[in-house]
Amino acid sequence: VSAGMVHDLVVADDGAVSFTFHLTREDPATLARDARKAVQAVTGVAAVKINVVDPGAKLESGAAGRTGPSAPPGAVPPPPTPEAMPHLGRVLAVSSGKGGVGKSTVSANLAAALALQGHRVGVMDADVYGPNIPRMFGRDAKPEVIGGKIQPLEAYGVKLMSLGFIVERDAPAIWRGPIIMKIIGQFLRDVAWGQLDYLVVDLPPGTGDAQLSLVQTIHLDGVLIVTTPQEMAVGDSLRGAKMFERVGVRVLGVAENMSYYVCPHCGERSEVFLAGGGGRLAAELGVPLLGQIPLQAGMPQLADAGRPIVVAAPDSPAGAALRDLAGAVVATLGRAVPLNTLAR
Ligand SMILES: Nc1ncnc2c1ncn2[C@@H]1O[C@H](COP(=O)(O)OP(=O)(O)OP(=O)(O)O)[C@@H](O)[C@H]1O
Ligand SMILES: [Mg+2]
């Protein structure tokens, strides 16, 4: 408030609080979330509605010309106008509110499954804090630069780019907003992806600089939300998904990971965690539950060995579920015109 960032504060009788929050490009993206938390912590507050506005970017935001469920004028993030990059094909982000729910596992297996079906696929690791894609594909080498273009690495027919290939494994991940924006821009523009059918973007958890940079740089064709069945994970995922909706990115659906466990001896299926979170999240967002992936023993070991389960054990319960998920994602994407090929 003292910084002059809070405007139009309205407190309704029923405890609903709303205000406009002036946030510039230089402010940390977590500020709005912190502000929400602070307001929620006040006794008597029932609901908080924050309209985030960048006062310096009003002109640019009007020209953005987004399609889909459009964001309110001036909503985060207004600058800069995302570009069309037709050579990347359909660009799909894999996101979650909470860490460790299986985004990278889903990204890697989705990409590998699509490549197995004969599609031209790339994976961009946008998890600049903890890049896992190199390990999950068993590749670790410095990418070559030819003619000013960074050459992606390749495994199982999937083209790969990750900060993990470029920085040392033990380098502290202290990237700030503008640097992350730059890295993501370079990964999209300066990597020799060739012509792709699908680019899968593996995101870090939450709604931070990587997510904002991504939606500001490129038109996403959709985002897949990964959650686990527990209620806590679902609440976090809902917040994450809402952020994408707010900036006009289509939420394709929900993938519920670690949904159940199939006993390898008797084949009996049991719910390990509280059941049904993925379905509830999908219902709340009004999107389909695109897949349920069982918890599977041996999967972390396969991932560590650089072998996506859809390649190493395609007929295992998790392998089959991930292949089904890839089919469901393609079918869902197929119903929409790819944003990156739209003339604009
Ligand atoms: N269905 C599953 N069965 C068994 N293990 C799994 C399953 N899905 C993921 N895992 C394991 O759980 C761990 C976390 O998965 P993963 O790295 O994909 O999550 P993440 O959401 O990308 O995490 P982060 O938020 O850190 O990026 C990994 O060791 C992975 O192998
Ligand atoms: Mg990850």
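What you see is a predicted model, and the numbers here were worked out from it, not measured in a lab. (Residues numbered from 1 in each chain as written. Chains lettered and ligands numbered in written order. Predicted model: local features only at pLDDT ≥ 70, side-chain atom pairs only at ≥ 80, totals over all residues. Heavy atoms only, no water.)

Enquirer: Whenever I open this one, the pattern of salt bridges confuses me. Can you help?
Expert: Opposite charge on two side chains makes pairing possible when the charged atoms of those side chains draw close. Taken as a whole and judged by the stated rule, the model has 6 salt bridges. Between Arg120 and Asp197 there is a salt bridge whose closest N-O contact spans 2.8 Å. Taken together, the positions of Arg120 in the loop between helix H3 (103-116) and strand S5 (121-125) and Asp197 in the loop between helix H6 (177-189) and strand S10 (198-202) put the pair 77 residues apart, joining distant regions of the chain. With relative accessibility at 22%, the residue Asp197 sits in the partly exposed group. In this structure, Lys242 engages Glu245 in a salt bridge whose closest nitrogen and oxygen atoms are separated by 3.7 Å. Residue Lys242 and its partner Glu245 are both found in helix H8 (residues 231-246); the two are separated by 3 residues, about one turn of the helix. Residue Glu245 is classed as partly exposed on the basis of its relative accessible area, which comes to 25%. (Salt bridge = Lys/Arg side-chain N within 4 Å of Asp/Glu carboxyl O. Helix = DSSP H or I, 4+ residues; strand = E, 2+ residues; numbered from the N terminus. Buried < 20%, exposed > 50% of the residue type's maximum accessible area, 1.4 Å probe, protein only.)

Enquirer: How should the sheet that holds strand S3 (residues 47-53) be read in this particular structure?
Expert: What links the strands of a sheet is backbone hydrogen bonding, and the strands pair in either a parallel or an antiparallel sense. Strand order in the open sheet made by the 3 strands is S1-S2-S3, with mixed pairing throughout. Unpaired on one side and paired on the other, strand S1 (6-11) and S3 mark the two borders of the sheet. Between one strand axis and the next, the sheet turns through 10° on average, direction left out of account. Sheet analysis places S1 next to strand S2 (residues 16-22), joined by 4 bridges and oriented antiparallel. Along S2, the bridge assignment pairs His7 with Thr20. Its contacts with the sheet put helix H1 (residues 31-40) on S2 and S3, and the angle it makes with S3 is roughly 155°. (Pairing = 2+ DSSP bridges. Axes fitted to C-alpha atoms, helices over the stretch in contact; angles between N-to-C directions. Contact = heavy atoms within 4.5 Å.)

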